[in-house]
Amino acid sequence: MSFLRNYLNKIKPNFEKDGKLHAFRSVFDGFETFLYVPNDTAKNGCNIHDAIDSKRIMSMVVIALLPALLFGMYNVGYQNYLAAGTLAEAHFCQIFFYGVLAVLPKILVSYIIGLGIEFAWAQWKGEEIQEGYLVSGIIIPMILPVGCPIWMIAVAVAFAVIIGKEIFGGTGMNIFNVALVARAFLFFSYPTKMSGDSVWVANESIFGLGNNLADGFTAATPLGQLAAGTQVTASVSDAVMGFIPGSVGETSVIAIAIGAVILLWSGIASWRTMLSVVVGGSLMAVVFEQTGQSIAWYEHLVYGGFAFGAVFMATDPVTSCRTNTGKYIYGLLIGALAIIIRVMNPGFPEGMMLAILFGNMMAPLIDHYVVDANIRKRAKRVNR
């Protein structure tokens, strides 16, 4: 590592002002600060610095996402071999590496397009490269069906980064979760590639792995079956473990729970938001169960993207509430609204995407009234 540090110090003057590569200063700075903690200090004002910078926070979130991603890759292969009836003859490596080959290109495209735009934007404005896309770049492929074409992902990423993030001022200024902006763009622009029964299972072999499935092969998700009014065939245990059709990273509650433990242990995500999303969803699911809902209330918590949204997207520190009281209200709103959308609108069988986007929109207003109520409470205390 000392060799790398010395090499960076040697070439750094070329990227400083008046250096021959000064036009790429933001690119060099992005790589340097990704590898090492920056040693720059504030020149004026009083600043309190945390022991961990935002790049390290984003890296920790990526680590927390890995269990869900790795299991999602395995499940992509599992569903393909299961659909072809060859699961018994396949061994673990075949199943897993088929999933890797199916998902990895989508991750690469997401990062290449997203980071490319981030780099170009930073160069154009003469600013440092922002690190927020380190997380969004891996989440976007994880919340999409495996059947979503790569070119659509590229278009959605470009839309989300430019319209959902950069025009608001970049990382820390966007009001909507960038990954969900990409998903919403695809959902409303190309609905046949984001819903239905034909997008959840990879249907072509890759480099000799996997199976070519019959044209028109379909496999419904539990929520898709619920929206269609048919019997849900997946068991709760399958949903908890993750052996069901669904978006790449959203199927395994166990893998998502491991990620939740990492985020809570590191202090990066708010337990208040996670807990209140679950409580809000549970309460609303109980209400619908009492009115004759076809599945038990707890099944809503393990089907679809509810768990993934509660852990990784509702807790986004940029687009969620900042006040502690606001986090409770924000989470309860998202959890309840997700179940309402699922049950009452068959056109949106998932519900979590729209619920979190609505929560993002309401978060500043919730914080405003929480702070205002606190100010009025303190003013009354002083005037006594």
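Everything discussed here concerns the structure shown above.
Residues numbered from 1 in each chain as written. Predicted model: local features only at pLDDT ≥ 70, side-chain atom pairs only at ≥ 80, totals over all residues. Heavy atoms only, no water.

**Points about the overall build of the chain**
The helix and strand tally for the chain stands at 15 helices and zero strands. Across the 384 residues that make up the chain, the buried fraction comes to 48%. Accessible surface, the chain: about 19000 Å² in total, of which carbon and sulfur atoms supply 65%. (Helix = DSSP H or I, 4+ residues; strand = E, 2+ residues; numbered from the N terminus. Buried < 20%, exposed > 50% of the residue type's maximum accessible area, 1.4 Å probe, protein only. Areas by Shrake-Rupley, 256 points an atom, 1.4 Å probe, with all protein chains shown as cover.)

**Regarding the environment of Ile 95**
Note on placement: Ile 95 falls in helix 4 (residues 92-125). Residue classification places Ile 95 among the buried positions, given a relative accessible area of 3%. Put simply, Ile 95 and Asn 75 are 20 residues apart on the chain and 8.0 Å apart in space, counted from C-alpha to C-alpha. When residues no more than four places from it in sequence are discounted, the contact partners of Ile 95 are Met 73, Tyr 74, Gly 77, Tyr 78, Tyr 81, Leu 87 and Ala 90. (Contact = heavy atoms within 4.5 Å.)

**Looking at the pattern of salt bridges**
Counted according to the given criterion, the structure contains four salt bridges. The partner of Lys 165 in a salt bridge is Glu 118, with the nearest N and O atoms 2.3 Å apart. Taken as a pair, Lys 165 in the loop between helix 6 (150-163) and helix 7 (178-189) and Glu 118 in helix 4 lie far apart in primary sequence, 47 residues in all. With respect to class, Lys 165 is no different from Glu 118; both count as buried. (Salt bridge = Lys/Arg side-chain N within 4 Å of Asp/Glu carboxyl O.)

**Points about the nonpolar core**
The biggest cluster of nonpolar side chains holds 93 residues, and the ones touching the most others in it are Leu 65, Ile 139 and Phe 308. Top contributing element to this core by residue count: helix 3 (residues 54-84), with 13 residues. If we ignore the near neighbours within four places in the chain, the residues touching Ile 139 are Leu 65, Ala 179, Phe 308, Phe 312 and Met 313. (Core = buried A, V, L, I, M, F, W, Y, C linked by side-chain atoms within 4.5 Å.)

**What to know about the side chain of Ser 247**
By the element assignment, Ser 247 lies in the loop between helix 9 (236-241) and helix 10 (253-266). If we skip the residues at most four places from it in the chain, Ser 247 touches Met 142, Ile 143, Leu 144, Pro 145, Arg 183 and Trp 200.

**Considering a nonpolar patch on the surface**
Side chains of Leu 264, Trp 271, Leu 275, Val 279, Leu 283, Tyr 328, Ile 329 and Leu 332 sit close together on the surface and give an oily, nonpolar patch of about 690 Å² of accessible area. Mapped onto the nonpolar patch, the elements with two or more residues apiece are helix 11 (271-290) and helix 14 (324-344). Counting residues per element, the nonpolar patch draws most heavily on helix 11, which supplies four residues. (Patch = residues over 30% accessible without salt bridge, like charges linked within 9 Å, V, L, I, M, F, W, Y side chains within 5 Å.)

**What to know about the side chain of Glu 350**
With respect to the secondary-structure elements, Glu 350 resides in the loop between helix 14 and helix 15 (352-383). Once residues within four sequence positions are removed from consideration, Glu 350 is found in contact with Arg 183, Leu 223, Glu 250, Gly 304, Gly 305, Phe 306, Ala 338 and Arg 342.

**Describing the packing of helix 11 against helix 14**
Taken N-terminus to C-terminus, the directions of helix 11 and helix 14 make an angle of 35°; their axes are 7 Å apart at the nearest point. Regarding helix 11 and helix 14, the two cross each other, and that crossing is right-handed. In the contact of helix 11 with helix 14, the residues fall into 15 nonpolar, seven polar and two charged. (Axes fitted to C-alpha atoms, helices over the stretch in contact; angles between N-to-C directions. Left-handed = near helix turned anticlockwise from the far one by under 90°. Nonpolar A, V, L, I, M, F, W, Y, C, P; charged D, E, K, R; others polar.)

**Here we look at helix 7**
For helix 7, with twelve residues, the first-to-last C-alpha span of 16 Å sits near the 16 Å given by 1.5 Å per residue. Judged by how many residues are buried, helix 7 sits mostly within the fold: ten of twelve residues are covered. Those residues of helix 7 that sit buried are Val 178, Ala 179, Leu 180, Val 181, Ala 182, Arg 183, Ala 184, Phe 185, Leu 186 and Phe 187. Lining the buried residues of helix 7 we find helix 5 (133-142), helix 6, helix 13 (306-313) and helix 15. Near the N-terminus of helix 7, the side chain that reaches the backbone nitrogen of Ala 179, with its oxygen 3.0 Å away, is that of Asn 177. (Expected span 1.5 Å × (residues − 1). Polar contact = N/O pair within 3.5 Å; in protein donor to acceptor, adjacent residues only side chain to side chain.)

**Some thoughts on unusual backbone geometry**
A positive phi angle is found at Phe 207, which is not glycine, with a value near 50°. You can see Phe 207 is positioned in the loop between helix 7 and helix 8 (222-228). On the accessibility criterion, Phe 207 (76% relative accessible area) is exposed.

**Examining the packing of aromatic side chains**
Following the criterion strictly, the structure yields 16 aromatic pairs and no others. Ring plane angle 25° and centroid distance 4.5 Å describe the contact between Phe 159 and Phe 185, whose orientation is recorded as stacked. Of the two residues, Phe 159 is situated in helix 6 and Phe 185 in helix 7; the sequence distance between them amounts to 26 residues. Where Phe 308 meets Phe 312, the ring centres are 5.0 Å apart and the plane angle is 45°; that geometry is what we call tilted. With Phe 308 and Phe 312 both in helix 13 and four residues apart, the pair spans about one turn of that helix. Judged on exposure class, the residue Phe 308 and its partner Phe 312 are both buried. Members of the aromatic cluster, joined through ring pairs, are Phe 71, Tyr 74, Tyr 78, Phe 92, Phe 96, Phe 97 and Phe 243. (Phe/Tyr/Trp six-rings, centres within 6.5 Å; stacked < 30°, edge-to-face > 60°.)

**Describing the packing of helix 5 against helix 7**
Axis separation between helix 5 and helix 7 bottoms out at 8 Å; the angle between their running directions is 35°. For helix 5 against helix 7, the interelement crossing comes out right-handed. Along the contact surface, helix 5 presents Ser 136, Ile 139 and Ile 140, while helix 7 presents Val 178, Ala 179 and Ala 182. Considered class by class, the residues forming the contact of helix 5 with helix 7 number five nonpolar, one polar and no charged.

**Thoughts on the environment of Gly 259**
With respect to the element layout, Gly 259 can be found in helix 10. Along the chain, Gly 259 and Leu 66 lie 193 residues apart, while their C-alpha atoms are 7.7 Å from each other. Excluding residues within four positions of it along the chain, Gly 259 makes contact with Ala 64 and Phe 312.

**Looking at the environment of Ala 260**
Looking at the element boundaries, Ala 260 is found in helix 10. Assessed through its relative accessible area of 10%, Ala 260 is described here as buried. Spatially, the C-alpha atom of Ala 260 lies 9.2 Å from that of Phe 308, the residues being 48 residues apart in sequence. Aside from chain neighbours lying at most four places away, what touches Ala 260 is Met 274 and Val 311.

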